Amino acid sequence: MPDTRAKTTAIDEALAAIEGALARGATIEARGRCRRAMELLIDAAGRASAAGAPDGDEAAASGGAGLGCTACTVMRHEARALLMEGDADAALDVLEAARAAAESAALHRDTALALNGIAIVHYNRGDLDEAERIYHAAHEQAGRADDARVAAPILTNLGVIANIRGDLEQARRYYERSLVAYRSLGLVRELPLGLNNLG
């Protein structure tokens with residue numbers, strides 16, 4: 001029988017991170033989303049316990065306590081699950097809580113990843129202006145973290161939006177910057193997508 005304590009431990013850490021964000025003065029909107037996220041995460045812990053299964057691949061690969069989940073990673077993972085279930089509003093609640101927790105602890109990489117997830121939801125809803133604004137904020141946080149691995153796909157996403165709008169020159173600049181980042185990281189598997197975007 002798989003050990004489910006790792007899953008519930010990770011979610012406990014996520015709940016503690018949300019509580020910390022609330023204690024450090026999250027905005028009124030963030031407070032409401034954080035409380036909603038707490039309810040969703042508690043439900044997730046119950047489902048995991050009932051299923052007797054550990055968390056998924058992203059959490060297992062992240063490094064840290066339990067199954068390797070950091071608080072922000074488990075929140076992003078739960079948001080992804082909610083998106084797959086078709087509940088974008090709930091996913092946004094959890095992602096906003098992840099952002100609030102990351103910002104309150106000055107975790108720039110985790111803030112960037114949460115913002116990128118939020119932007120993806122808005123992009124999928126067709127709100128390109130909001131998605132673009134949040135992608136830029138995510139890229140700024142990735143820069144503060146000096147993390148090209150996080151910045152590269154954000155640049156690709158910005159290129160996609162520019163391409164949709166018909167600004168091909170701006171799209172090319174974003175794609176080229178993304179390719180430079182991928183090459184610097186040796187992520188050759190990502191290069192065909194970037195080259196295809198440029199084509």
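A brief look at the structure comes next. The structure presented is a predicted model; accordingly, all values stated were derived computationally and were not measured.

**Quick word on the nonpolar core**
Thinking step 1. Core analysis: the largest hydrophobic core is formed by 44 residues, its most contacted members being Ile 18, Met 75, Leu 82, Val 94, Tyr 135, Ala 142 and Ile 154.
Thinking step 2. Contributions of two or more residues to this core are made by helix 1 (5-23), helix 2 (28-51), helix 4 (71-84), helix 5 (88-104), helix 6 (108-124), helix 7 (128-145), helix 8 (148-164) and helix 9 (168-185).
Thinking step 3. Element by element, the count of residues in this core is highest for helix 5, at 10 residues.

**Brief notes about the packing of helix 8 against helix 9**
Thinking step 1. Viewed as axis vectors pointing N to C, helix 8 and helix 9 meet at an angle of 160 degrees, and their least axial separation amounts to 8 Å. It follows from the interaxial angle that helix 8 and helix 9 lie roughly antiparallel. Regarding helix 8 and helix 9, the two cross each other, and that crossing is left-handed. Contacts from Ala 148, Arg 149, Ala 152, Pro 153, Leu 155, Thr 156, Leu 158, Gly 159, Val 160, Ala 162 and Asn 163 in helix 8 reach Leu 168, Gln 170, Ala 171, Tyr 174, Tyr 175, Arg 177, Ser 178, Ala 181, Tyr 182 and Leu 185 in helix 9.
Thinking step 2. Considering only residue class, the contact of helix 8 with helix 9 consists of 14 nonpolar, 5 polar and 2 charged.

**Let's talk about the side chain of Glu 96**
Thinking step 1. Assignment of secondary structure puts Glu 96 in helix 5.
Thinking step 2. Its relative accessible area of 12% is what places Glu 96 among the buried residues.
Thinking step 3. Within the structure, Glu 96 has its side chain in polar contact with the side chain of Arg 99 (distance 2.8 Å).

**Structural notes on unusual backbone geometry**
Thinking step 1. Even without glycine at this site, Asp 146 takes up a positive phi of about 55 degrees.
Thinking step 2. Along the chain, the position of Asp 146 falls in the loop between helix 7 and helix 8.

**Digging into the pattern of salt bridges**
Opposite charge on two side chains permits them to pair, given that their charged atoms come into close proximity.
Thinking step 1. On inspection of all chains with the given rule, the structure shows 10 salt bridges.
Thinking step 2. The partner of Arg 133 in a salt bridge is Glu 130, with the nearest N and O atoms 2.6 Å apart. Separated by 3 residues within a single helix, Arg 133 and Glu 130 lie in helix 7, roughly one turn from each other.
Thinking step 3. Assessed through its relative accessible area of 24%, Glu 130 is described here as partly exposed.
Thinking step 4. Here the salt bridges share partners, and the residues they tie into one network are Glu 169, Arg 172, Arg 173 and Glu 176.

**A word on helix 8**
Thinking step 1. Taking 1.5 Å as the rise per residue, helix 8 with 17 residues should run 24 Å; its terminal C-alpha atoms sit 24 Å apart, in good agreement.
Thinking step 2. Taken together, the buried positions of helix 8 are Val 150, Ala 151, Ala 152, Ile 154, Leu 155, Thr 156, Leu 158, Gly 159, Ile 161 and Ala 162.
Thinking step 3. Sitting at the head of helix 8, Asp 147 places a side-chain oxygen 3.0 Å from the backbone nitrogen of Arg 149.
Thinking step 4. Positive phi shows up at Gly 166, right after helix 8, with a value of about 85 degrees.

**Re the environment of His 108**
Thinking step 1. As for its position among the elements, His 108 is in helix 6.
Thinking step 2. A relative accessible area of 23% places His 108 in the partly exposed class.
Thinking step 3. As for His 108 and Asp 147, which are separated by 39 residues in sequence, their C-alpha atoms are 9.3 Å apart.
Thinking step 4. Setting aside anything within four residues of it in sequence, one finds His 108 in contact with Gln 141, Arg 144 and Ala 145.
Thinking step 5. In this structure the side chain of His 108 is engaged in a polar contact, spanning 2.9 Å, whose partner is the side chain of Gln 141.

**Comments concerning helix 6**
Thinking step 1. For helix 6, with 17 residues, the first-to-last C-alpha span of 24 Å sits near the 24 Å given by 1.5 Å per residue.
Thinking step 2. Those residues of helix 6 lying buried are Asp 110, Thr 111, Ala 112, Ala 114, Leu 115, Asn 116, Gly 117, Ile 118, Ala 119, Val 121 and His 122.
Thinking step 3. The secondary structure elements touched by the buried residues of helix 6 are helix 4, helix 5, helix 7 and helix 8.
Thinking step 4. Directly after helix 6, the chain includes Gly 126, whose backbone phi takes a positive value near 90 degrees.

What counts as what
For every chain, the first residue of the written sequence is number 1, and numbering continues from 1 along that sequence. A pLDDT threshold of at least 70 governs which residues receive local features in this predicted model, and a stricter bar of 80 or more applies before side-chain atom pairs are shown or counted, although totals over entire chains, interfaces and linings include all residues. Only hydrogens and water are set aside; all other atoms, that is, all heavy atoms of the structure, feed into the side-chain values. Here, the term nonpolar core denotes a set of buried Ala, Val, Leu, Ile, Met, Phe, Trp, Tyr and Cys residues that are joined through side-chain atoms within 4.5 Å. Think of it in three bands: with a 1.4 Å probe and only protein chains considered, a residue is buried below 20% of the maximum accessible area for its type, exposed above 50%, and partly exposed in between. By definition, any uninterrupted DSSP run of H or I lasting at least four residues is a helix, any uninterrupted run of E lasting at least two residues is a strand, and each is numbered from the N terminus. A fitted line through C-alpha atoms represents every axis, and for helices the fit uses only the stretch in contact; the resulting angles, taken between N-to-C directions, go from 0 to 180 degrees. Oblique is the label for any angle not covered by the other classes, which are roughly parallel (under 35 degrees), roughly antiparallel (over 145) and roughly perpendicular (65 to 115). Working rule for handedness: look at the near helix, and if it is turned counterclockwise from the far one by less than a right angle, call the crossing left-handed; if clockwise, right-handed. Any two residues whose heavy atoms approach within 4.5 Å are treated as being in contact. Gly is placed with the polar residues, together with every amino acid not listed as nonpolar (Ala, Val, Leu, Ile, Met, Phe, Trp, Tyr, Cys and Pro) or charged (Asp, Glu, Lys and Arg). By the criterion applied in these results, polar contacts are pairs of N or O atoms within 3.5 Å in which, for protein atoms, one can donate a hydrogen and the other can accept it, and in which residues neighboring in sequence qualify only through two side-chain atoms. Salt bridges are identified by distance alone: a Lys or Arg side-chain nitrogen within 4 Å of an Asp or Glu carboxyl oxygen. How far a helix is expected to stretch is found by multiplying one less than its residue total by 1.5 Å.

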